Amino acid sequence: MSEVPSNIHVPDEELDLRGVICPYNFVKTKLKLESMAPGQLLLVHLDDGDPIRNVPRSVSDDGHDVVSQERADQSYRVVIRKRFDE
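Keep in mind that what you see is a predicted model, and the values were worked out from it rather than measured.

Our next topic: the nonpolar core. Residues Leu17, Leu33, Leu42, Val44, Leu46, Val59 and Ile80 are the most contacted members of the largest nonpolar core, which totals 15 residues. Secondary-structure elements contributing two or more residues to this core are α1 (24-34), β2 (41-47), α2 (50-61) and β4 (75-81). For Leu17, the contacting residues outside a window of four places in its chain are Asn25, Lys28, Thr29, Val44, His45, Leu46 and Asp47.

Now the structure itself:
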């Protein structure tokens, strides 16, 4: 059995928000993160334009960590680590 390379982030949850307009894509991301345990990873699929500009910034402002962000065809894959509560 082969190991997963350390630079690959295996998400605990996934959310496909392609076609969802702002601010609903951020609201849905925020609600999903609230249901997850601290430190878990969420993979979010977002459209180009406002979604990819606003959602990563907004989750960062909420204290979560944007681990990676990459283009995938006509959309983006964003991996977010849920913040550890204080």
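Between its first and last C-alpha, α2 extends 16 Å over twelve residues, near the 16 Å set by a 1.5 Å rise per residue. Here α2 has its buried residues at Pro51, Ile52, Val55, Pro56, Ser58 and Val59. Seen along its axis, α2 keeps its buried residues to an arc of 165°; they face one direction. Seen from the open side of α2, the exposed residues pointing more than 90 degrees away from its buried face are Arg53 and Asp61. Looking at the buried positions of α2, the neighbouring elements they touch are α1, β2, β3 (65-72) and β4. Downstream of α2 by a residue or two, Gly63 has a phi angle that is positive, lying close to 100°.

With that settled, the discussion passes to the packing of α1 against α2. The geometry of α1 relative to α2 is characterised by a closest axis approach of 9 Å and an angle of 35° between their N-to-C directions. For the crossing formed where α1 meets α2, the hand is right-handed. For the pair α1 and α2, the contacting residues are Asn25, Phe26, Thr29 and Leu33 in the first and Pro51, Val55, Ser58 and Val59 in the second. A per-class count over the contact of α1 with α2 returns five nonpolar, three polar and no charged.

A few words now on unusual backbone geometry. Cys22 connects to Pro23 through a cis peptide bond whose omega is 0°. By the secondary structure assignment, Pro23 is in the loop between β1 (13-16) and α1. Look at Asp73: it is not a glycine, yet its phi comes out positive at around 60°. Here Asp73 shows up in the loop between β3 and β4. With relative accessibility at 71%, the residue Asp73 sits in the exposed group.

Quick notes on the rules
Residues numbered from 1 in each chain as written. Predicted model: local features only at pLDDT ≥ 70, side-chain atom pairs only at ≥ 80, totals over all residues. Heavy atoms only, no water. Core = buried A, V, L, I, M, F, W, Y, C linked by side-chain atoms within 4.5 Å. Buried < 20%, exposed > 50% of the residue type's maximum accessible area, 1.4 Å probe, protein only. Helix = DSSP H or I, 4+ residues; strand = E, 2+ residues; numbered from the N terminus. Contact = heavy atoms within 4.5 Å. Expected span 1.5 Å × (residues − 1). Arc of directions from axis to C-beta. Axes fitted to C-alpha atoms, helices over the stretch in contact; angles between N-to-C directions. Left-handed = near helix turned anticlockwise from the far one by under 90°. Nonpolar A, V, L, I, M, F, W, Y, C, P; charged D, E, K, R; others polar.

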